[in-house]
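Coordinates in review
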Amino acid sequence: MSQTYINPVFLIDPLNSKCADCHTGDANFLSINNGILICGKCAEKHQTLGYQISYVRSIKDELDTYLYKFIELGGNTRFKDYLTSVNIDDSTDFELKYK
């Protein structure tokens, strides 16, 4: 009997299992400098912003301690709470939300 591997980024924050942008359940990419997990479709949108705004990596990539710390200190819940505190919600334009 084999054990299922659970990526530790999902254990940091319960909302990390869903995309921070579209809220689907397949968050397989990280926006490291934003500290969030996103789906493949949203990862493509993030890549158009440039790595200075959203540095995107797959959760399957090996992350060094420095990069992992961004996710550890962030997470989808903290990101959502921050956006709420500055009056940005899901209806806000994607580019405006991140720039």
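A short tour of the structure in this document, coming up. From a predicted model like this one, the values you see are computed outputs, not experimental measurements.

Points about the overall build of the protein chain
Counting secondary structure elements, the protein chain contains five helices and three strands. Put simply, the protein chain runs from its N terminus to its C terminus through helices and strands in the order α-β-β-α-β-α-α-α. Taking 2.2 N^0.38 as the reference for a compact globule, 99 residues should give roughly 13 Å; the C-alpha atoms of the protein chain span a radius of gyration of 13 Å, in line with that estimate. Every one of the 99 residues in the protein chain was classed for burial, and the buried ones make up 39%. Long-range pairs, those at least 24 residues apart, make up 51% of the contacts in the protein chain with a sequence separation of at least 6.

Some points on helix 3 (residues 65–73)
N-cap assignment for helix 3: the residue whose side-chain oxygen lies 3.2 Å from the backbone N of Y66 is D64. Positive phi shows up at G75, right after helix 3, with a value of about 105 degrees.

Topic: the packing of aromatic side chains
Under the counting rule described, the total for this entry stands at three aromatic pairs. Seen in terms of ring centroids, Y66 and F70 are 5.4 Å apart; in terms of plane orientation they differ by 85 degrees. Their pairing is edge-to-face. Placement of both Y66 and F70 in helix 3 is noted, with a separation of four residues, approximately one turn of the helix. Residue class for Y66 comes out exposed when judged on its relative accessible area of 60%. Taking relative accessible area as the criterion, F70 reaches 32% and is therefore assigned partly exposed. Geometrically, the ring pair formed by F79 and Y98 is stacked, given 5.6 Å between the ring centres and 10 degrees between the ring planes. Note that F79 is positioned in helix 4 (residues 76–85) and Y98 in helix 5 (residues 94–98), a separation of 19 residues in sequence. Across the pair, Y98 and F79 agree in class, each one buried. Taken together, the aromatic side chains of F79, F94 and Y98 make up a single cluster linked through ring pairs.

Observations concerning the side chain of H46
Relative to the elements of secondary structure, H46 occurs in helix 2 (residues 40–47). In contact with H46, other than residues within four places in its own chain, are D21, S31, N34, I36, I38, S54, V56, F94 and Y98.

Some remarks on the nonpolar core
Generally speaking, a soluble globular protein has its nonpolar side chains buried in company with each other. If you look at the biggest cluster of nonpolar residues, it comprises 13 residues, and the most contacted ones within it are C19, I36, I38, C42, F79 and Y98. Looking at this core, the elements with two or more residues in it are strand 2 (36–38), helix 2, helix 4 and helix 5. Among residues more than four places away in sequence, those in contact with I38 are C19, A20, D21, D26, A27, N28, F29, S31, A43, H46 and V56. In terms of nonpolar packing, the next biggest core, distinct from the first, is built from nine residues, V9, A27, L30 and I32 among them.

The rules behind each value
Residues numbered from 1 in each chain as written. Predicted model: local features only at pLDDT ≥ 70, side-chain atom pairs only at ≥ 80, totals over all residues. Heavy atoms only, no water. Helix = DSSP H or I, 4+ residues; strand = E, 2+ residues; numbered from the N terminus. Rg over C-alpha atoms; globule rule 2.2 N^0.38 Å. Buried < 20%, exposed > 50% of the residue type's maximum accessible area, 1.4 Å probe, protein only. Contact = heavy atoms within 4.5 Å. Polar contact = N/O pair within 3.5 Å; in protein donor to acceptor, adjacent residues only side chain to side chain. Phe/Tyr/Trp six-rings, centres within 6.5 Å; stacked < 30°, edge-to-face > 60°. Core = buried A, V, L, I, M, F, W, Y, C linked by side-chain atoms within 4.5 Å.

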